[in-house]
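Spelled out, the chains give:
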Amino acid sequence: MEYKNNSDINMVLLQWVMLYRCRMRLGPGSAFHLLRCVQLRSCSRKGRNRLPLWVRELWAYTRLLMQSLCFNSLTDSDVVFDSVFEPVFWTVDYITRWFGMVFVCLVVILTSSIMVIAYVVLLPLVLNTYTPLWILWHLCYGNWIIVMISFHYYKAAKTLPGGPPKEKNDSPFVSICKKCIMPKPARTHHCGICNRCILKMDHHCPWLNNCVGHFNHRYFFSYCLFMTLGCFYCTISGRNLFLDAYNAHETNGDTSAPVYTLKDKMINKSIIYMWVLTSTVGVAMGALTIWHGLLISKGETSIERHINKKEAKRMTKQGKIYKNPFNYGKLNNWKVFLGVEKKSHWVTRVLLPSGHPPYGDGMTWDFFPFKQDLIPV
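Residues numbered from 1 in each chain as written. Predicted model: local features only at pLDDT ≥ 70, side-chain atom pairs only at ≥ 80, totals over all residues. Heavy atoms only, no water.

- In the nomenclature of an unreviewed UniProt entry, the protein is known as Palmitoyltransferase of Cynoglossus semilaevis.
- UniProt's Catalytic activity (unreviewed entry) comment on the protein is quoted here verbatim: "L-cysteinyl-[protein] + hexadecanoyl-CoA = S-hexadecanoyl-L-cysteinyl-[protein] + CoA".
- Under Subcellular location (unreviewed entry), UniProt gives the following word-for-word description of the protein: "Membrane". (UniProt positions renumbered as here; feature names shortened; annotations may be inferred.)

Right, dumping it as structure tokens:
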């Protein structure tokens, strides 16, 4: 190394003297570490002076994002996927949260329109056409379906699904929610739309503007079931009326066809509207009801379906068999879900409106609730 003047030589000698003193006081390792820090600090200062502030901030933020994707050994593809698509998830949650009331109003309007057509258009036709026994059947079944649909939809939308307490308690938990930073009991999951943890969460239903969880899961399923029965009832019983109304609508421009008044045209259009709407909704709700019925038979929710499937694959690779700890058998699963404790409850709690609470508090789960066979199978 060449030195240009005496000042450079004096500076180097001064640095070596300071290094020797630090080495004598702190030891060789500490002196080397101090010198290394001084060199890195000087180099970083030189590098920082070359880039503008906004470039350095952008680079630091980018490095932080990249490091957050691999912050520990537990990071997997799910964490990376959630991090990358977090803006998309946030946008969907925001839109769903604000359009929830719109979906609820749409359900109320469509259901009310079918009820108006049933009472104003179909009921006079039934009274003038059918026998007294058929009239009695349609009046009893139709009004029973309307009551069950209205009751369970109201309860599903207004009943809180339940959440873990925010204050300190002694309840057992299985993990910590990374959004709420609060303990999560078993079967509890975080809802991004409601922005809270939900006990035994199944999903967030935009048509209810509410989460489906421990305390309103039965109301949601009962609403789907009775809505399906009501739609198929309208579809089957109104098939002949729909065919007549459709044929009358198609032959409206024919000169040889009978002339229909404005009232007749409105009745025919109302019947066509009712039949098409109930048929499409019945198919969609029927598929949803069957899906949830299969999940209930296995003692799991929609979220737990994916978790159990993944866990079963993982244990299969290890030569083990995974068993759902919340599966008590098909019949017992239904009895726990519906709250049936004796035979009369099949009528009072299933076929009639009932606001009884579900089994348990949603915080703790008894893995063997039927040890003493309290509910006869």
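### As for the overall build of the protein
Link 1 in the chain: Counting its secondary structure elements, the protein contains 13 helices and 6 strands.
Link 2 in the chain: Across the 377 residues that make up the protein, the buried fraction comes to 31%.
Link 3 in the chain: Within the protein, contacts between residues separated by at least 24 positions form 64% of all contacts whose residues are at least 6 apart in sequence.
Link 4 in the chain: Surface accessibility of the protein: about 25700 Å² in total, with carbon and sulfur atoms responsible for 66%. (Helix = DSSP H or I, 4+ residues; strand = E, 2+ residues; numbered from the N terminus. Buried < 20%, exposed > 50% of the residue type's maximum accessible area, 1.4 Å probe, protein only. Contact = heavy atoms within 4.5 Å. Areas by Shrake-Rupley, 256 points an atom, 1.4 Å probe, with all protein chains shown as cover.)

### Re the UniProt feature "transmembrane region" (unreviewed entry) in the protein
Link 1 in the chain: Those places that UniProt annotates as "transmembrane region" (unreviewed entry) correspond, in this numbering, to residues 98–122, 134–154, 220–238 and 272–296.
Link 2 in the chain: What you have in residues 98–122 is 96% helix and 0% strand, and the ends, taken at the C-alpha atoms, are 37 Å apart.
Link 3 in the chain: In this annotation, residues 272–296 is assigned 100% helix and 0% strand; the end-to-end C-alpha distance for the span is 35 Å.

### Focus: the layout of surface pockets
Link 1 in the chain: Its boundaries defined by the atoms lining it, the second largest pocket holds a volume of some 990 Å³.
Link 2 in the chain: Around the second largest pocket sit 44 residues that line it, and Ile-114, Met-227, Gly-230, Cys-234 and Thr-278 are the ones nearest its centre.
Link 3 in the chain: Per-element tally for the lining of the second largest pocket: the top contributor is helix H6 (residues 100–129), with 11 residues.
Link 4 in the chain: Among the residues forming the lining of the second largest pocket, the class breakdown is 33 nonpolar, 11 polar and no charged. (1 Å grid on protein atoms, 1.4 Å probe; cavity = no way out; pocket = protein on both sides within 12 Å on 5 of 7 lines; lining within 4 Å. Points joined across faces, edges and corners; volume = space filled by probe spheres on them. Nonpolar A, V, L, I, M, F, W, Y, C, P; charged D, E, K, R; others polar.)

### Points about empty space enclosed by the protein
Link 1 in the chain: In the structure shown here, the tally under the stated rule is 1 cavity of 30 Å³ or more.
Link 2 in the chain: Considered as a void within the structure, the largest cavity measures approximately 280 Å³ in volume.
Link 3 in the chain: The wall of the largest cavity is formed by 21 residues, among which Arg-187, Lys-200, Asn-333, Val-336 and Phe-337 lie closest to the centre.
Link 4 in the chain: For the lining of the largest cavity, the secondary-structure elements that each account for two or more residues are helix H8 (217–237), helix H10 (262–297) and helix H12 (330–338).
Link 5 in the chain: Looking at the lining of the largest cavity residue by residue, the class counts come to 11 nonpolar, 6 polar and 4 charged.

### Quick notes on the side chain of His-189
Link 1 in the chain: Structurally, the position occupied by His-189 is in strand E3 (residues 189–191).
Link 2 in the chain: We classify His-189 as buried; its relative accessible area is 16%.
Link 3 in the chain: Beyond its immediate sequence surroundings of up to four residues, His-189 is in contact with Lys-184, Arg-196, Cys-197, Ile-198, Met-201, Ile-303 and Ile-307.

### Observations regarding the nonpolar core
Most often, soluble globular proteins have nonpolar side chains that are buried together.
Link 1 in the chain: Ranked by internal contacts, the top residues of the largest apolar core, which has 21 residues, are Ile-149, Tyr-153, Leu-208, Phe-220, Tyr-223 and Met-227.
Link 2 in the chain: Taken together, the elements giving at least two residues each to this core come down to H6, helix H7 (132–158) and H8.
Link 3 in the chain: Ranked by residue count, the leading element in this core is H8, at 9 residues.
Link 4 in the chain: Every residue in contact with Leu-208, bar those within four places of it in the chain, is listed here: Val-104, Tyr-153, Ala-156, Ala-157 and Phe-220.
Link 5 in the chain: Val-121, Leu-122, Phe-242 and Ala-245 belong to the second largest nonpolar core, which has 10 residues in total. (Core = buried A, V, L, I, M, F, W, Y, C linked by side-chain atoms within 4.5 Å.)

### Some remarks on unusual backbone geometry
Link 1 in the chain: With a phi close to 60°, Asn-195 is a non-glycine residue in the positive phi region.
Link 2 in the chain: As for its placement among the helices and strands, Asn-195 is situated in the loop between E3 and strand E4 (196–198).
Link 3 in the chain: Look at Asn-195 and you get exposed, because its relative accessible area is 57%.
Link 4 in the chain: The phi torsion at Lys-200 lies on the positive side, around 45°, for a residue other than glycine.
Link 5 in the chain: Residue Lys-200 is classed as buried on the basis of its relative accessible area, which comes to 13%.

### Considerations on the confidence of the model for the protein
Predicted coordinates in areas of low pLDDT are best not read in detail.
Link 1 in the chain: Per-residue pLDDT for the protein averages 82, and the proportion of residues at 70 or more is 79%.
Link 2 in the chain: Looking at the elements of the protein, mean pLDDT is at its lowest for helix H2 (residues 28–48), recorded as 48, and at its highest for H8, recorded as 96.
Link 3 in the chain: Confidence drops under pLDDT 50 across residues 22–35; counting only partners more than four residues distant or on other chains, this segment forms 7 contacts. (pLDDT = per-residue confidence, 0-100.)

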